[in-house]
Structure formats: structure tokens, C-alpha cells
Amino acid sequence: FPFTIACDPEGKIFNLYGVSPGNLINYIAGFPKGLKVIFKGMKHGKFEGKEMQLPADFLIDKEGIVRFAHYGKNPGDSTPIAKILENRE
């Protein structure tokens, strides 16, 4: 990608941008999507960070202005890569 991707296993960036951990209801809502990926042969990797953390995606320009933000409602609710790429400029 022509931009930096930051992972946040300690949750520092999540806290700065107000991304809260989920709860059991959020996880139940994401269960159908989770089953899909399991049936495709994907497995959960090493447990790290906060397992109940909901996803969030931000595009921040060189001046530090947030140009795109998405706060996930369940574990599978991340922005599709195509949408990130179309919003990158």
C-alpha cells in the first residue's frame, strides 16, 4: 500500500480514537461472518491484544487530518480494502 498501516495490540491508538472493546452482543452479531471464514479454512492465530476489541479503520492525511473513519459494530465489520483505496486521497 502507498501508506502506512498501524497495528495496535496494546490498544493505545484505539483509546486515542475512542474505539471501545465490544461485548458478547457485538460478538453474537458477528458470528455468521465468523462461521464463513472458518468454513473457508481460516483459523484464529495467536491470541494477542484485547480479544473483545472491535475493529476500526482510519485514513489520516500527512497533516494529521482524519479523512475517513469507520468504527466496527462487530468483529467482522472492517472496511473493505477497495473502499480504503478509493478514499486514500
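Conventions we followed
- Residues numbered from 1 in each chain as written.
- Predicted model: local features only at pLDDT ≥ 70, side-chain atom pairs only at ≥ 80, totals over all residues.
- Heavy atoms only, no water.
- Helix = DSSP H or I, 4+ residues; strand = E, 2+ residues; numbered from the N terminus.
- Buried < 20%, exposed > 50% of the residue type's maximum accessible area, 1.4 Å probe, protein only.
- Contact = heavy atoms within 4.5 Å.
- Areas by Shrake-Rupley, 256 points an atom, 1.4 Å probe, with all protein chains shown as cover.
- Lys, Arg positive; Asp, Glu negative; His and termini not counted.
- Charge placed at Lys NZ, Arg CZ, Asp CG, Glu CD.
- Phe/Tyr/Trp six-rings, centres within 6.5 Å; stacked < 30°, edge-to-face > 60°.
- Salt bridge = Lys/Arg side-chain N within 4 Å of Asp/Glu carboxyl O.
- Polar contact = N/O pair within 3.5 Å; in protein donor to acceptor, adjacent residues only side chain to side chain.
- Patch = residues over 30% accessible without salt bridge, like charges linked within 9 Å, V, L, I, M, F, W, Y side chains within 5 Å.
- pLDDT = per-residue confidence, 0-100.

(A) Quick look at the overall build of the chain. Counting secondary structure elements, the chain contains 4 helices and 2 strands. Reading the helices (α) and strands (β) of the chain from amino to carboxyl end gives α-α-α-β-β-α. Its C-alpha atoms give the chain principal-axis dimensions of roughly 40 × 25 × 25 Å. Taking all 89 residues of the chain together, 22% fall into the buried category. Once local pairs closer than 6 in sequence are excluded, the contacts in the chain between residues at least 24 apart make up 56%. Here the chain has roughly 7,100 Å² of accessible surface; of this, 61% comes from carbon and sulfur atoms. Here the chain contributes 12 positively and 10 negatively charged side chains, and the mean placements of these two sets differ by 6 Å.

(B) Representation of the packing of aromatic side chains. Under the defined criterion, the tally for this structure stands at 2 aromatic pairs. Between tyrosine 17 and phenylalanine 58, the aromatic rings sit 4.8 Å apart at their centres with planes inclined by 35°, giving tilted as the arrangement. Residue tyrosine 17 is located in the loop between helix H1 (12–16) and helix H2 (24–29), and its partner phenylalanine 58 is located in strand S1 (residues 56–60); the two are separated by 41 residues in the primary sequence. For phenylalanine 58, a relative accessible area of 23% translates into the label partly exposed.

(C) Spotlight on the side chain of aspartate 57. Mapped onto the fold, aspartate 57 is located in strand S1. You can call aspartate 57 buried: its relative accessible area is 17%. Setting aside chain neighbours within four positions, we find aspartate 57 in contact with Phe68, Ala69, His70, Ser78 and Thr79.

(D) Expanded view of the side chain of aspartate 8. On the secondary structure map, aspartate 8 appears in the segment before H1. It is lysine 12 that comes nearest to the buried, bridge-free aspartate 8 among opposite-charge side chains, at 7.3 Å. Reaching out from aspartate 8, the side chain makes a polar contact with the backbone nitrogen of isoleucine 13 at a distance of 2.8 Å. The residues contacting aspartate 8, other than those within four sequence positions of it, are Ile13 and Phe14.

(E) A look at a nonpolar patch on the surface. Residues Phe31, Leu35, Val37, Ile38, Phe39 and Met42 make up a contiguous nonpolar surface patch of about 630 Å² in total accessible area. Along the chain, leucine 35 falls in helix H3 (residues 31–39). You can call leucine 35 partly exposed: its relative accessible area is 31%.

(F) Broad picture of the confidence of the model for the chain. Considering every residue of the chain, the mean pLDDT works out to 84; 97% of them sit at 70 or more. Between the elements of the chain, mean pLDDT differs from a low of 81, seen in helix H4 (residues 81–86), to a high of 91, seen in strand S2 (residues 66–71).

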